[in-house]
Amino acid sequence: MTLPLRLRKVLMLSPPLIWVVLFMFVPYTILFVFSFWEQVYPTFAPAFQLGNYHTLISDPQYLRTLLRTIKIAALVSLFSLLLAYPYAYFLAHKVRHPALRQTLYMAVVAPLWVSYLLRAYTWKTILGTEGILNSFLVSTGILSEPSSIFLYNQTSMVLTLTYVFIPFMVMPIYAALEKIPRNLLEASADLGMGRTATFIKVTLPLSMSGVVAGFTMTFCLAFGDFIAAYLVGGPDGMMISNVIATQFGASLNWPLGSALALVMLLIVLAIISASDRFERMGKGTFA
């Protein structure tokens, strides 16, 4: 017996909808409710008050941590873009042999198969006082003794997160560059445009969808990271996610942690909405 079309659609959509409701809508609803509760030492109690949000605004340490997180995420996204775009462009337009192109592409994607913790810890080993960088600088005479300036600061955070998340910048940019029709580039050359003019007026505008997608993914992933801060960040590299983890853990201040988590969620949603709007504007402009 053939099921009606509407019933088949309902059966197909039910599992993902149930998953979204149980593991996204319900947890966010709980966070929203908790954000209005108040801490009653040593736990917390139901209430409806805005004290947690007032604390986030009035206490400068939370604003400093949030701005530091935005700064680090923006720098990670910027440096990832500066490194990923030339590499993706080289793969899409300069490497002619398919096997070589696939190998070079997999060289970027393959690290994603390795544990995130291991990849972040690798940079702690490299930048540490007994790491590869210090050993090289001491052996070459540049430093007289190992230095600790390479680790536990915002620079080490940006370096580590750029290495960890750069594949998420390369993949969408490469996909966008690969989809550009070759005849457009040839037509540009036939009309007398040089390589630079062709890149600025043809290649770059048509690849902006990949740039926007990569920048958004990289920023959001770096913005929500907290593992690298523990490994290589130090006190100066603590992110807003570390503060949230502390509120839910050692401090047992779930209401304040919920308020912080919702603020993070709103920022991420705003960034995604802005990138989506920018991408739609770009499609309308270059259609």
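Look a little higher up for the structure.
Residues numbered from 1 in each chain as written. Predicted model: local features only at pLDDT ≥ 70, side-chain atom pairs only at ≥ 80, totals over all residues. Heavy atoms only, no water.

## Examining the overall build of the protein chain
Thought 1: Check the secondary structure of the protein chain and you find 14 helices and two strands.
Thought 2: In terms of overall size, the protein chain is more extended than a compact globule, its C-alpha atoms giving a radius of gyration of 24 Å where 287 residues would be expected to give roughly 19 Å.
Thought 3: In terms of overall dimensions, the protein chain has a C-alpha envelope of 80 × 75 × 40 Å along the principal axes.
Thought 4: Taking all contacts inside the protein chain whose residues are at least 6 apart in sequence as the whole, residues at least 24 apart take part in 68%.
Thought 5: Put simply, the protein chain shows about 17,100 Å² of open surface, and 72% of that area lies on carbon and sulfur atoms.
Thought 6: Between the centroid of the 18 positive side chains of the protein chain and the centroid of its 11 negative side chains there is a distance of 13 Å. (Helix = DSSP H or I, 4+ residues; strand = E, 2+ residues; numbered from the N terminus. Rg over C-alpha atoms; globule rule 2.2 N^0.38 Å. Contact = heavy atoms within 4.5 Å. Areas by Shrake-Rupley, 256 points an atom, 1.4 Å probe, with all protein chains shown as cover. Lys, Arg positive; Asp, Glu negative; His and termini not counted. Charge placed at Lys NZ, Arg CZ, Asp CG, Glu CD.)

## Considering a nonpolar patch on the surface
Thought 1: Taken together, the side chains of I18, W19, V20, V21, L22, F23, M24, F25, V26, Y28 and I30 make up a nonpolar region of the molecular surface, amounting to roughly 1,100 Å² of accessible area.
Thought 2: For M24, a relative accessible area of 43% puts it in the partly exposed group. (Patch = residues over 30% accessible without salt bridge, like charges linked within 9 Å, V, L, I, M, F, W, Y side chains within 5 Å. Salt bridge = Lys/Arg side-chain N within 4 Å of Asp/Glu carboxyl O. Buried < 20%, exposed > 50% of the residue type's maximum accessible area, 1.4 Å probe, protein only.)

## So, the packing of aromatic side chains
Thought 1: Evaluated as defined, the whole model comprises 17 aromatic pairs.
Thought 2: Plain terms: the ring middles of Y89 and F199 are 5.7 Å apart, the flat faces sit at 85 degrees to each other, and that makes the pair edge-to-face. Residue Y89 is located in helix α3 (residues 60-93), and its partner F199 is located in helix α10 (residues 195-206); the two are separated by 110 residues in the primary sequence.
Thought 3: Seen in terms of ring centroids, Y116 and F165 are 6.2 Å apart; in terms of plane orientation they differ by 25 degrees. Their pairing is stacked. Here the residue Y116 occupies a position in helix α5 (residues 116-127), and F165 occupies one in helix α7 (residues 154-165), the gap between them amounting to 49 residues.
Thought 4: Here the aromatic residues F34, W37, F44, F248 and W254 are joined through ring pairs into a cluster of three or more. (Phe/Tyr/Trp six-rings, centres within 6.5 Å; stacked < 30°, edge-to-face > 60°.)

## What about the nonpolar core?
A general feature of soluble globular proteins is that nonpolar side chains tend to end up buried together.
Thought 1: I72, M157, L161, F223 and L260 are the most contacted members of the largest nonpolar core, which has 36 residues in total.
Thought 2: Here this core gets eight residues from one element, more than from any other, and that element is helix α14 (residues 254-286).
Thought 3: Counting residues in hydrophobic clusters, the runner-up holds 20 residues, among them A84, L91, Y105 and Y174. (Core = buried A, V, L, I, M, F, W, Y, C linked by side-chain atoms within 4.5 Å.)

## Thoughts on the packing of α5 against α7
Thought 1: In the contact formed by α5 and α7, the axes pass within 10 Å of each other and the chain directions differ by 140 degrees. By the criterion of interaxial angle, the relationship of α5 to α7 is oblique. The element α5 and its partner α7 pack so that their crossing is right-handed. On α7, the residues touching Y116, R119, A120, W123 and L127 of α5 are S156, L159, T160, L161, Y163, V164 and F165. (Axes fitted to C-alpha atoms, helices over the stretch in contact; angles between N-to-C directions. Parallel < 35°, antiparallel > 145°, perpendicular 65-115°, else oblique. Left-handed = near helix turned anticlockwise from the far one by under 90°.)

## With respect to unusual backbone geometry
One can expect most non-glycine residues to show negative phi and most peptide bonds to be in trans.
Thought 1: Even without being glycine, Y152 reaches a positive phi, approximately 60 degrees.
Thought 2: Positioned with a positive phi, L252 is a non-glycine residue whose angle comes to about 55 degrees.
Thought 3: Note that L252 resides in the loop between α13 (240-248) and α14.
Thought 4: By relative accessible area, which is 38% here, L252 ends up partly exposed.

## Some details on the side chain of R119
Thought 1: Relative to the elements of secondary structure, R119 occurs in helix α5.
Thought 2: We note that R119 is buried and unpaired, the nearest opposite charge coming from D225 at a distance of 8.9 Å.
Thought 3: Here the side chain of R119 touches V164 through a polar contact of 3.2 Å, landing on its backbone oxygen.
Thought 4: Residues contacting R119, with those up to four places away along its chain left out, are P111, L112, V114, Y163 and V164. (Polar contact = N/O pair within 3.5 Å; in protein donor to acceptor, adjacent residues only side chain to side chain.)

## Thoughts on the layout of surface pockets
Thought 1: Approximately 350 Å³ is the volume found for the largest pocket.
Thought 2: Lining the largest pocket we find 14 residues, and of these Y89, K94, L185, R195 and T198 sit closest to its centre.
Thought 3: Breaking the lining of the largest pocket down by element, the ones donating at least two residues are α3, α9 (182-190) and α10.
Thought 4: Taken together, the residues of the lining of the largest pocket sort by class into five nonpolar, four polar and five charged. (1 Å grid on protein atoms, 1.4 Å probe; cavity = no way out; pocket = protein on both sides within 12 Å on 5 of 7 lines; lining within 4 Å. Points joined across faces, edges and corners; volume = space filled by probe spheres on them. Nonpolar A, V, L, I, M, F, W, Y, C, P; charged D, E, K, R; others polar.)

## Looking at the environment of E145
Thought 1: Within the secondary structure, E145 is located in the loop between α6 (132-139) and α7.
Thought 2: On the basis of relative accessible area, E145 is assigned to the exposed category, the value being 55%.
Thought 3: Residues E145 and I166, spaced 21 residues apart in sequence, show a C-alpha to C-alpha distance of 32 Å.

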